[in-house]
Amino acid sequence: MTDISHYFDWAATSPQDEEILQASLLKSLSSWGNPSSSHKIGKQAKDVLEEARRSCAATLNVKEDNIFFTSGGTESDQLALLSVLTKPVKGTILISSIEHPAIREQALILKKCGWNIESLKSDKLGIITPETISEALDKFEDTYLVCVMAVNNETGIIQPVKEIADMITEKTKGKRRPKFHVDCVQAAGKIPFDLNYPGIDSAAFSAHKICGPRGIGILYMKDPQESFLRGGGQEKGIRSGTENVFGAIAFSKVLEKYYITKQNTAAFDHYTQMKQISNEFIKSLSELKGCTIVPEGRIESENSDFFSPYVIQAAFKNIPGQVMLRALDAKNFCISTGSACSNKKANRPVLEAMHIPGDIRETAVRFSFGPLTKPEDVKALLEAVTEINNTFNK
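All of these numbers come straight from a predicted model, not from anything done at the bench. (Residues numbered from 1 in each chain as written. Predicted model: local features only at pLDDT ≥ 70, side-chain atom pairs only at ≥ 80, totals over all residues. Heavy atoms only, no water.)

Visitor: What should I look at first to understand the layout of surface pockets in this one?
Guide: Empty space among the atoms can be located by rolling a probe the size of a water molecule over them. Here the largest pocket defines a volume of roughly 540 Å³. Forming the walls of the largest pocket are 23 residues, and the residues nearest its centre are Ile158, Lys162, Ile191, Pro192 and Phe193. Looking at side-chain class alone, the lining of the largest pocket contains 13 nonpolar, 4 polar and 6 charged residues. (1 Å grid on protein atoms, 1.4 Å probe; cavity = no way out; pocket = protein on both sides within 12 Å on 5 of 7 lines; lining within 4 Å. Points joined across faces, edges and corners; volume = space filled by probe spheres on them. Nonpolar A, V, L, I, M, F, W, Y, C, P; charged D, E, K, R; others polar.)

Visitor: Is there a simple way to explain unusual backbone geometry in this structure?
Guide: A negative phi angle characterises most non-glycine residues, just as the trans form characterises most peptide bonds. Each neighbour pair has its own omega, and for Val294 with Pro295 the value is -5 degrees, a cis peptide bond. When you line up the elements, Pro295 lands in the loop between β8 (291-294) and β9 (311-316). The backbone phi angle of Lys236 is positive, close to 55 degrees, even though this residue is not glycine. With respect to the helices and strands, the residue Lys236 is situated in the loop between β7 (217-221) and α7 (245-258). (Helix = DSSP H or I, 4+ residues; strand = E, 2+ residues; numbered from the N terminus.)

Visitor: What should I look at first to understand empty space enclosed by the protein in this one?
Guide: One pass over the full model with this rule turns up 1 cavity of 30 Å³ or more. Size it by volume and the largest cavity reaches roughly 50 Å³. Around the largest cavity, the lining residues are Leu79, Ser83, Leu219, Met221, Gln225, Glu226, Ser227 and Ile238. Of the residues assigned to the lining of the largest cavity, the class counts are 4 nonpolar, 3 polar and 1 charged.

Visitor: Even after reading the chapter, I still don't get the pattern of salt bridges, so can you show me in this structure?
Guide: Here the idea is simple: oppositely charged side chains can pair when their charged atoms come close. Under the definition given, this model contains 17 salt bridges. Note that Arg348 is salt-bridged to Glu154, the shortest N-O span being 2.9 Å. In this pair, Arg348 sits in the loop between α9 (321-330) and α10 (349-353) while Glu154 sits in the loop between β4 (143-147) and α6 (161-171), placing the two residues 194 residues apart along the sequence. We note a salt bridge from Lys275 to Asp305, for which the minimum N-O separation is 3.8 Å. (Salt bridge = Lys/Arg side-chain N within 4 Å of Asp/Glu carboxyl O.)

Visitor: Quick question: what am I supposed to make of the packing of aromatic side chains here?
Guide: Tallying each qualifying case throughout the model produces 8 aromatic pairs. Residues Phe281 and Phe367 carry aromatic rings whose centres are separated by 5.4 Å and whose planes lie at 90 degrees to one another, so their mutual orientation is edge-to-face. You can see Phe281 sitting in helix α8 (residues 265-286) and its partner Phe367 sitting in strand β10 (residues 364-368), a full 86 residues away along the chain. Per residue, the accessibility class of Phe281 equals that of Phe367, and both read buried. Here the aromatic residues Phe8, Phe281, Phe316, Phe333, Phe367 and Phe369 are joined through ring pairs into a cluster of three or more. In this structure, Arg176 packs its charged tip against the face of Tyr144, placed 4.3 Å from the ring centre. (Phe/Tyr/Trp six-rings, centres within 6.5 Å; stacked < 30°, edge-to-face > 60°. Buried < 20%, exposed > 50% of the residue type's maximum accessible area, 1.4 Å probe, protein only. Lys NZ or Arg CZ within 6 Å of the ring centre and 35° of its normal.)

Here it is as structure tokens:
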């Protein structure tokens, strides 16, 4: 594998686990048929695909019938969103103000189709509280869908998914209950996450964020909805199109290796280690002249459990985000200024939604880690950032 000791843009994409991908490719080469074909070669490919589905379901602790393979996290999010278009009447969709563009931008299209899209405001840490959603449900009784991501891709804030799910279920007893969709793309391999929790109706995952290949994702649907997109009927009609057998195999293997559970001791131990490393990194950054942790409340010890240790946002006075990125790139360190899907846009919707001041938004950058990040790697990053910051803030 290429040297990744200076790679700190894991939230954009992860280095691929070469051993897993090579083994998955060999297996898919021997099962190259179309899984929908009824002959022996097709059935062989179908068996391999279903084996991967069972493995993914076992790791995620859900039923295999609820796992649908897609082309990635964006499509998984969009399939859940677009399912509302099969409803006989239009209504309201509640979306957190800090969602990934896969949700946020698709919602704008649904708005053009006549749906009422309401944005859920976050608190100063970036948390969408159950109380905020409860108030919105009181105001919009025609709500069909609620979307709140598990871990924000820019700040690392962890949303109270279980509490939100419980609130929706309790509040709508005796009424039509809106579906609750969770974008888990940044949760997989970043925090322990119990997908098999009552009240989570659907969730999106992406393999390339957890050392897998690009172009393969998972949509979890507890009670499969009618799909707005139609085709050959693969994946029980939820996601038509010839299945990516290689991707499914690889995704099942990287989930098995990197998904954080207490049973997966290697992944859990690294997660525990990263909590300490990240806290020390944040503390050191906060002591630099002109550095602001985003959000500032993250540096308070009582708030540390609200954030994934794998994603950190910080701003550096007098150093625009792109300048810090280029300066670190010159030293062979890889970071980003935010979502890779939006890195060509000057605005920062997530930080704007959190009411982060403009000068902080302009100078904010993201450091993101992964399961292969080592303590000495983070130490080297801190030294490089310190050197650059001292040049601009003497």
